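# Descriptive structure summary
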Amino acid sequence: MSARIELPQVRHLGPARLTAGLDRFQRLDLAAHVRVHPPLPRFAQDDLLYLAERVDLRGRGGAGFPFTRKARAAVAAAGRTGARPVIVVNGSEGEPPSAKDRMLLARAPHLVLDGACLAAAAFGAEEIVIGVASGSPGEISVPAALDERDLPCPARTVRLPERFVSGESSALIRGVNGLPVQPAAVKARAAEGGTGGVRRRPTLLSNAETWAQLAVAARLGPEAYAAVGTTTEPGTVLLTVNRPGSGPLVVETPFGTRLGDVLDACGLRPGDGVLVGGYHGAWLGPADAAGAPLSRTGLAELGGTLGAGAIAALPAATCPLGEITRVAAWLAGESTGQCGPCRRGLPDAAEALTTLATGGGGPAVLEDVRRALGGAQRGGACSHPDGTARFVLSALDVFARDVEAHVAGPGCGRPVLGVLPLPRHEGARLEVDWSRCAGHGLCGVLAPGLVRLGPHGYPTSTTIPVAPWQEHGARRAVNQCPALALRMHRPERAPGRPR
């Protein structure tokens, strides 16, 4: 492994299954892998489907969709069309607070490949495709692991841009097919024919942890697999616990473990509130968080969601609204701008949050936030608007006292410490030179979804983040500004991170 790549650290509460051997080895190459894990049994198609159904294996990427339903649909499509299926491993983890799939592909790649190879052999797959984020450890680790082992069919890795939406299933499939990596405008089931360009092939897609869990279940069997966890959600789950001032810690724990116990084990406290499920997840108040069971059903009863298992506790020293505003602005810029909720709803909400966080606007601006996010829900081309709305709206409820301080006056008085992780590199931004700006308002006409104008025709912000889909409008505004008051700033990415 390259020295420039930092490998996520791990811990386990209860049995170490996916994290087995990682206390002894920095990375499990094939020799270490076979020392840690017993031989992998072979399964016929029906036996593998029965195993996955018995343990109620569900996707660990956020949606929690039953693996068996996807697998049966892909097998059925293969039977109808005569085309052999394709197995796809989603390892493109573009969400800053999540590191569990990155950890697996970096440190235990053979466990992920075990699950993918099991399915490929049982279902007669034509190919295995592993999607990895550009610049991530998997870009090095996965090809090295593929070279070490025998495979039931050809396998390859596909590099994807490190963006939040790259992990959405249809965006990943478009990347595999050589198309721009963005969610498909028209929703379609991958099982019916996702990969393959013109010659569509039935596709079975799951994220890295799901494939690793399948390999664990195959070795243990359904009874031993269900020895930990809950009755309805057996087994273990990987969590990414974000620690202010330190790198993320990937924790393996049985389903049903109390969130408070996980925080204690990581040296954290609930603080003012705890985010569970990442930036498409939801916030819990300190009292609820301490006793919350880490399971899909347990969190749902509290208004939360397990999502991709990313956890962040917000300490009392930082301004909650300021933290939420940072992430909301980043999420608005991470969209692909294909639908109204992403083109208007998320940017409008981010701008209103910025006004609130700086202690301006009053109750009307808070209502603007809720209205913009309410309109963004359930109308997007993908789940990005819904997830972003859940993140922000749950924060407004949990941090209601802090929000009220910003609505009623200059704010809570606390600094924004940047506790919630965001990418180290900045994106493009549009900068306004107030010494030149004459309030012509042309920029608001040329880039209406980007530049917001105040009542006197001047931009409401001097530094405006620019999403990729907004760059054309931003360049037009720069080139045609009569006062030459605009410029595009495009900082260099961090060393070692490919473009």
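Going along each chain's sequence as written, the residues are numbered from 1 onward. Only residues with pLDDT of at least 70 get local features here, since the model is predicted, and only at 80 or more are side-chain atom pairs given and counted; chain-wide, interface and lining totals rely on the full set of residues. Only hydrogens and water are set aside when side-chain values are computed; all heavy atoms of the structure are taken into account.

Of note, D56 is a non-glycine position whose phi angle comes to about 50 degrees, a positive value. Its place among the elements puts D56 in the loop between helix 2 (45-54) and helix 3 (67-81). The phi angle at L484 is positive, at roughly 55 degrees, despite the residue not being glycine. Secondary structure elements are taken from DSSP: a helix is a run of H or I of four residues or more, a strand is a run of E of two residues or more, and numbering for both begins at the N terminus. By secondary structure assignment, the location of L484 is in the loop between helix 18 (471-480) and strand 13 (486-489).

With that settled, the discussion passes to the packing of aromatic side chains. Note on aromatic contacts: the rings of Phe and Tyr and the six-membered ring of Trp form a pair at centre separations within 6.5 Å, being stacked when their planes are under 30 degrees apart, edge-to-face when over 60 apart, and tilted otherwise. With the rule as written, the count across this model stands at 6 aromatic pairs. Note on Y279 and W330: the rings are 6.4 Å apart at their centroids and 70 degrees apart in plane angle, and the pair reads as edge-to-face. Of this pair, Y279 sits in the loop between strand 8 (273-276) and strand 9 (282-284) while W330 sits in helix 12 (residues 320-334), placing them 51 residues apart in sequence. Given the relative accessible area of 0%, Y279 is considered buried. With centroids separated by 5.5 Å and ring planes inclined at 65 degrees, the aromatic side chains of Y279 and F391 adopt a geometry described as edge-to-face. Linking Y279 in the loop between strand 8 and strand 9 with F391 in helix 15 (residues 384-398), this pair joins segments that are 112 residues apart in sequence. Throughout, exposure labels follow a simple rule: accessible area from a 1.4 Å probe, protein chains only, divided by the maximum for the residue type, with under 20% read as buried, over 50% as exposed, and the rest as partly exposed. For F391, a relative accessible area of 0% puts it in the buried group. Taken together, Y279, W283, W330, F391 and F399 form an aromatic cluster joined through their ring pairs. Counted as over-ring charges are cases with an Arg CZ or a Lys NZ within 6 Å of the ring centre that also lie within 35 degrees of the ring normal. Over the ring of Y225 we find R17; its NZ or CZ atom is 5.4 Å from the centre of that ring.

By convention in these notes, a salt bridge is any Lys or Arg side-chain nitrogen within 4 Å of a carboxyl oxygen on Asp or Glu. Counted by the stated rule, this structure contains 26 salt bridges. Here R258 and D261 are joined by a salt bridge, their closest N and O atoms 3.0 Å apart. Look at D261 and you get partly exposed, because its relative accessible area is 33%. Here R452 ties to E351 by a salt bridge, and the two come within 3.1 Å at their closest N and O atoms. With R452 in the loop between helix 17 (442-446) and strand 12 (463-465) and E351 in helix 13 (residues 340-357), this pair connects stretches of sequence that are 101 residues apart. Of the residues examined, R452 reaches a relative accessible area of 13% and is grouped as buried. On the basis of relative accessibility, which here comes to 26%, the residue E351 falls in the partly exposed class. Overlapping salt bridges bring together R60, K100, D101 and E209 as one network.

Everything listed here is a matter of coordinates, which is why it stays silent on function.
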